[in-house]
Amino acid sequence: MRTTWGSATDRGRVRPHNEDSLLAYPPVFMVADGMGGHSAGDVASRLAVEEFGRLAGRATVTPDDVHACIGRVAERLRGAVGTQSAGTTVAGAAVVSHEGSAYWLVFNIGDSRVYRWAAGTLEQISVDHSVVQEMVDSGELHPDDAREHPERHVITRAVGTRSEPDPDYWLIPAAPADRLLICSDGLTTELDDTQIARLLATEPDPQEAARSLVASAVEAGGHDNVSAVVVDVAAARDAADVDTTVPPATVHHVWDEDVDGATQPRPTRPHHPEVAP
Ligand code: MN
């Protein structure tokens, strides 16, 4: 499978340092948003990129590779910062081969996000591990109010020093002409989905798309570090090796029983919006 991609990151207008890190090197695309005092957040996100960098350059990776990688980030982080509290979000997508077809393994822990732009529609693939997401899920908070909520920065999971990382995974077909956006919360707290979709729709070059998304978020306030990775799957006519027999990109939460059970996404939450009152 052939991909083209672009990436951009910016300190923003308020934070003294950029504690976001990113990796865009096939078959792995990810962002990490570090947190912790005394530059520990910077260390945490850079460790994540270093570990994922070890998968770069391969044709494909396996879900076990990604899961092991996240485990190593936690392990190295504990070694690096000792008893200090530090952590990082990790969100991204990696090319995996599944029954002979190319798929994206989307992974997430924390509130960085993975979106898919396909057929004119923007869809958030990852689910935030955050207090406001839980409030939205329980029906307590309207999704439109989540971006303004005072607790919007409080996350409920991270790759950190205090517990074993507990990421979610999704396996989605890598369909020709699909575009993925991986970003830190500094982008999504400044730009809403409509603004993000407009930029992804109007900028065909992935590097220009990433640059302009980050620039727009900084312009909109830049209250946090901002990072974006944009990945395009080459159109079928340009890449004979893309398997066009892969079903349309609509499948969510697909996981085969024979893939390591320890990496299954957690079951649907009891208070999923669909069943909320
Ligand atoms: Mn952030």
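Shown above is the structure to which this text applies.
Every chain begins its residue count from 1, and numbering advances along the sequence as written. Local features in a predicted model are, by the rule used here, given only for residues with pLDDT of at least 70; side-chain atom pairs are given and counted only at 80 or more, and totals for whole chains, interfaces and linings are based on all residues. Side-chain calculation: all heavy atoms of the structure are included, whereas hydrogens and water are not.

(A) How the structure looks around the packing of aromatic side chains. Centres within 6.5 Å are what make two rings of Phe, Tyr or Trp a pair, Trp counting through its six-membered ring; a difference in plane orientation under 30 degrees is then read as stacked, over 60 as edge-to-face, and the rest as tilted. Under the criterion given, the structure shown has three aromatic pairs. Where Phe52 meets Phe107, the ring centres are 5.1 Å apart and the plane angle is 10 degrees; that geometry is what we call stacked. Of this pair, Phe52 sits in helix α1 (residues 40-53) while Phe107 sits in strand β6 (residues 101-109), placing them 55 residues apart in sequence. Each member of the pair, Phe52 as well as Phe107, carries the same accessibility label: buried. One aromatic cluster is present, built from ring pairs that chain together Trp5, Phe29 and Trp104. Secondary structure elements follow DSSP: runs of H or I no shorter than four residues count as helices, runs of E no shorter than two count as strands, and numbering proceeds from the N terminus. Each residue is assigned to one of three classes by its accessible area relative to the maximum for its type, calculated with a 1.4 Å probe on protein chains only: buried under 20%, partly exposed between the two thresholds, exposed over 50%.

(B) Quick peek at the coordination of the manganese ion. Because no water is among the atoms considered, metal sites can look incomplete, with donors defined as N, O and S atoms within 2.8 Å of the metal, or 3.2 Å for Na, K and Ca. Around the manganese ion, the protein contributes the donor atoms Asp33 (OD), Asp185 (OD) and Asp224 (OD), which lie 2.1 to 2.2 Å from the metal centre. When the donors of the manganese ion are listed by position in the chain, the intervening gaps give D-x151-D-x38-D. You can see Asp185 sitting in helix α5 (residues 185-188) and its partner Asp224 sitting in the loop between α7 (206-219) and β12 (226-233), a full 39 residues away along the chain. On the basis of relative accessible area, Asp185 is assigned to the buried category, the value being 6%. Assessed through its relative accessible area of 6%, Asp224 is described here as buried.

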